[in-house]
Amino acid sequence: MCDAVKDLYAVLGASASDSAQQLKQHYQQLVLQYHPDRLGGEGSPRTEYAGKFLEVDAAWKILRDPSSRRQYDLQQRVQELRQDWPVDHTISVEDMTWDQDERVFSHCCRCGGGFSISQDEVDEEKRRKQQHDEEAVNEEELHGLVVCCDTCSLSVYVTWPPPTGMGKEVKGQQ
């Protein structure tokens, strides 16, 4: 599921707390309202209705099944948590210090603490992103994670371009 996904509950005019029966009622009302055959003739309103009808139908196909609804709800919650996290600023992993022995990127916080992210976390996020991207990956696109300071409440968004750069190396140089 991509980051800019529509809220399927809003498409149905419902809320996440609605029961399956309530979702079905919303779906049935919208299908009757937006079915393309409801308007006679050709033209813009018919096309708009067909688009809305397909959108409603796609939302229903996900929300009618309890397991796919549960999965959708989990993905929405993850997205909400990512969006709501207060980020102080954005830094590139290439601007962080690389510790070869620990396999960790680090950056000093203004409080004296630090932000750190392991190579394993970066690799895992890259794998997760690849698995969930249904469209072609844009090689120019930056990817990243929110990283919290180990001392204060500040957080930064650490970005990296797909598969380049290892930052400045401080330990384990040969």
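Everything numeric in this text was worked out from a predicted model, so none of it was measured.

About the criteria used
Residues numbered from 1 in each chain as written. Predicted model: local features only at pLDDT ≥ 70, side-chain atom pairs only at ≥ 80, totals over all residues. Heavy atoms only, no water. Helix = DSSP H or I, 4+ residues; strand = E, 2+ residues; numbered from the N terminus. Contact = heavy atoms within 4.5 Å. Areas by Shrake-Rupley, 256 points an atom, 1.4 Å probe, with all protein chains shown as cover. Buried < 20%, exposed > 50% of the residue type's maximum accessible area, 1.4 Å probe, protein only. Lys, Arg positive; Asp, Glu negative; His and termini not counted. Salt bridge = Lys/Arg side-chain N within 4 Å of Asp/Glu carboxyl O. Pairing = 2+ DSSP bridges. pLDDT = per-residue confidence, 0-100. Expected span 1.5 Å × (residues − 1). Arc of directions from axis to C-beta.

Undergrad: What is the right way to read the overall build of the protein chain from this model?
TA: Scanning the protein chain from terminus to terminus reveals five helices and seven strands. Seen in sequence order, the protein chain has helices and strands lined up from the N terminus as α-α-α-α-β-β-β-β-α-β-β-β. Counting contacts in the protein chain only where the partners sit at least 6 residues apart, residues at least 24 apart contribute 54% of the total. As displayed, the protein chain offers around 11,400 Å² of accessible surface, 49% of which is attributable to carbon and sulfur atoms.

Undergrad: For this particular structure, what's the right way to read the side chain of arginine 69?
TA: Structurally, arginine 69 is set in helix 4 (residues 66-84). No salt bridge is formed by the buried arginine 69; the nearest opposite charge belongs to aspartate 73, separated by 4.1 Å. In this structure arginine 69 touches Tyr9, Ser15, Ala16, Asp18, Ser19, Ala20, Leu23, Ile62 and Leu63, once residues within four positions along its chain are discounted.

Undergrad: Would you mind showing me how to read the pairing of strand 5 (residues 143-148) here?
TA: Residues in a regular strand point their side chains to alternate faces of the sheet. Two strands pair when backbone bridges link them, and strand 5 and strand 6 (residues 155-160) are joined in this way by six bridges, in the antiparallel orientation. For glycine 144, the partnering residue across the bridge sits in strand 6 and is threonine 159. Linking strand 5 back to strand 6 in an antiparallel pair, the connection comprises six residues.

Undergrad: Just checking my understanding: could you explain the pattern of salt bridges for this structure?
TA: Between side chains of opposite charge, a pair can form as their charged atoms come close. All chains considered together, the criterion is met by four salt bridges. Its salt-bridge partner being glutamate 55, residue lysine 52 comes within 3.9 Å of it at the nearest N-O pair. Taken as a pair, lysine 52 and glutamate 55 lie in helix 3 (residues 44-63) at a separation of three residues, close to a single helical turn. On the basis of relative accessible area, glutamate 55 is assigned to the partly exposed category, the value being 22%.

Undergrad: I would appreciate a short explanation of the confidence of the model for the protein chain in the present structure.
TA: For any part of a model where pLDDT is low, the fine detail of the predicted coordinates should not be relied upon. Residues with a pLDDT of 70 or more make up 76% of the protein chain, whose mean pLDDT is 78. In this model, residues 134-140 is a region of pLDDT below 50 whose contacts with residues beyond four sequence positions or in other chains number four contacts. Contacts for the low-pLDDT stretch residues 164-174, under 50 throughout, to residues beyond four places or in other chains number 25 contacts.

Undergrad: Before we go on, may I ask you to explain helix 2 (residues 20-34) in this structure?
TA: An α-helical turn contains 3.6 residues, so a residue and the one three or four places further along point in the same direction. The end-to-end C-alpha distance of helix 2, which contains 15 residues, comes to 21 Å, matching closely the 21 Å that a straight helix rising 1.5 Å per residue would cover. Inspection of helix 2 places Leu23, Tyr27, Leu30, Val31 and Tyr34 among the buried residues, and these make up the whole buried set. In a view along the axis of helix 2, the buried residues occupy a sector of 105°, so they form one face of it. Exposed positions of helix 2 whose direction lies more than 90 degrees from the buried face are Gln29 and Leu32.

Undergrad: I would appreciate a short explanation of the environment of lysine 52 in the present structure.
TA: A relative accessible area of 23% places lysine 52 in the partly exposed class. Taking the C-alpha atoms as reference points, lysine 52 and leucine 30, separated by 22 residues in sequence, lie 8.8 Å from one another.

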